[in-house]
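Structural overview
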Amino acid sequence: MIIVGEKINTSLKAIRPAVEAKDSAAVKEMALRQAEAGANYIDVNCGTFPTKEPELLEWLVNTVQESTSVPLCIDSPNPQALKTALKAYQGGKPIINSVTAEKERFASVFPLVTEYHTSIIALCMDDGGMPETADDRVRIAEKLIGDMTGEGVQIGDIYIDPMVRPVSTGSHYGVVALDTIRRVMAEFPGVHTTCGLSNVSFGLPARKIINQAFLISAIAAGLDSAILDPLDKRIMSFVYASELLQGKDEFCMNYLSAFREGKLDAENKTAK
């Protein structure tokens, strides 16, 4: 499972003031903690400062790179902010988060993928909006994959986001997302799927329970990446255990390594 650490996002109360004040120590600490907890990428997002986004996103990229060598997921719909951040970036292959099949957005964001040789998260959304059905989401995924691979992007650099919507606004949305993941992974070998895990529980109490259950179901459907909080030991424990049970952890090595390194939830005192 490819883990994208979600904690450096100015929509979070703990991060917004640090970014606003350019408190590099606080940002570096959060980046390092996520890397040590098992994040494969660190997401950087300052979208709540739209007038300052290019400047602040560049600052975040430079600041996080000073604390960890883990590659970044550069998160913005603003092409200028993305370009400024990518110019400053010096690490391993980054991910752009994100592009859609909307003509204007695709035309403005996608050229950065080929110019800077990045991976890309592609949302199952087009000019018609966010589709209601798995059929329409898979149709959009097919178009996005075809358009991008046609321009030389390797399918392994594409992460399809099925667009997880809150089940509080429609009890069918969990099923639609899971069906989209299952079909995309079956129909387009080599592609990745990812999602913002916590979207599914928005508006409901005890959200972590829903997030955990959805994660397990999504991994069973084929999800191989997730944008989540790697500092949450319980949900990371479910990542390791679910991959083990799905036969994706040869000889249980990842699970055993995580246990030895103290990365698993140890509330169960009888665990050996």
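Figured I'd write up the structure that's included with this text. Since we're looking at a predicted model, the values are computed, not measured. (Residues numbered from 1 in each chain as written. Predicted model: local features only at pLDDT ≥ 70, side-chain atom pairs only at ≥ 80, totals over all residues. Heavy atoms only, no water.)

1. Considering the overall build of the protein chain
Heads up, the rule is: Numbering of helices and strands starts at the N terminus; helices are DSSP runs of H or I of at least 4 residues and strands are runs of E of at least 2. Here the radius of gyration uses the C-alpha set of atoms, whereas the globule reference equals 2.2 Å times the residue count to the power 0.38. Each residue gets one of three labels from its accessible area relative to the maximum for its type: buried under 20%, exposed over 50%, partly exposed in between, using a 1.4 Å probe on protein chains only. The Shrake-Rupley method, run with a 1.4 Å probe, gives the accessible areas here. Residue values count only the displayed protein chains as cover. For the purpose of counting charges, residues Lys and Arg are taken to be positive, whereas Asp and Glu are taken to be negative. His and the chain ends are not included. Charged side chains are reduced to one point each, which is NZ for Lys, CZ for Arg, CG for Asp and CD for Glu.
Each helix and strand in the protein chain was counted, giving ten helices and eight strands. Taken against the 2.2 N^0.38 rule, which gives 19 Å for 272 residues, the C-alpha radius of gyration of the protein chain at 18 Å falls within 12% of a compact globule. Dimensions of the protein chain, computed from C-alpha atoms along their principal axes, come out at roughly 55 × 45 × 35 Å. A buried classification covers 50% of the 272 residues belonging to the protein chain. Carbon and sulfur atoms make up 53% of the accessible area of the protein chain, which amounts to about 12600 Å² in all. Of the charged side chains in the protein chain, 27 are positive and 35 negative, and the gap between their average positions amounts to 5 Å.

2. Some remarks on the packing of helix α8 (residues 207-221) against helix α9 (residues 233-245)
If you want to describe how two helices pack, look at the angle between their axes and the distance between the axes. Convention followed: Between N-to-C directions, angles cover 0 to 180 degrees, with each direction set by a line fitted to C-alpha atoms, over the stretch in contact for helices. When describing relative orientation, an angle under 35 degrees is termed roughly parallel and one over 145 degrees roughly antiparallel, while 65 to 115 degrees is termed roughly perpendicular and anything else oblique. Definitions for this section: a left-handed crossing has its near helix turned counterclockwise from the far helix by less than a right angle. A right-handed crossing has that turn clockwise. Whether two residues are in contact is decided by their heavy atoms, any of which lying within 4.5 Å being enough. Here the nonpolar group is Ala, Val, Leu, Ile, Met, Phe, Trp, Tyr, Cys and Pro; Asp, Glu, Lys and Arg are the charged ones; every other residue, Gly included, is treated as polar.
Viewed as axis vectors pointing N to C, α8 and α9 meet at an angle of 20 degrees, and their least axial separation amounts to 10 Å. As summarised for this structure, α8 and α9 are arranged roughly parallel, according to the angle between their axes. As for how α8 packs across α9, the hand of that crossing is right-handed. Residue-level contacts link Asn211, Gln212, Leu215, Ile216 and Ile219 of α8 to Arg234, Ile235, Phe238, Val239, Ser242 and Glu243 of α9. Classifying every residue of the contact of α8 with α9 by side-chain character gives six nonpolar, three polar and two charged.

3. Side note on the side chain of aspartate 75
Convention followed: By definition, a salt bridge exists where a carboxyl oxygen of Asp or Glu is found within 4 Å of a side-chain nitrogen of Lys or Arg. The term polar contact refers here to a pair of N or O atoms within 3.5 Å; inside protein, the definition further demands a hydrogen-donor-capable atom paired with an acceptor-capable atom, and it admits residues adjacent in sequence only when both atoms are side-chain atoms.
Looking at where aspartate 75 falls in the secondary structure, it is placed in strand β3 (residues 72-75). Here aspartate 75 sits buried without a salt bridge, and the closest side chain of opposite charge, arginine 105, lies 6.7 Å off (N-O distance). A polar atom in the side chain of aspartate 75 sits 3.3 Å from the side chain of asparagine 97. Aspartate 75 has contacts with Asp43, Val44, Asn45, Glu53 and Asn97, leaving out every residue within four places of it along the chain.

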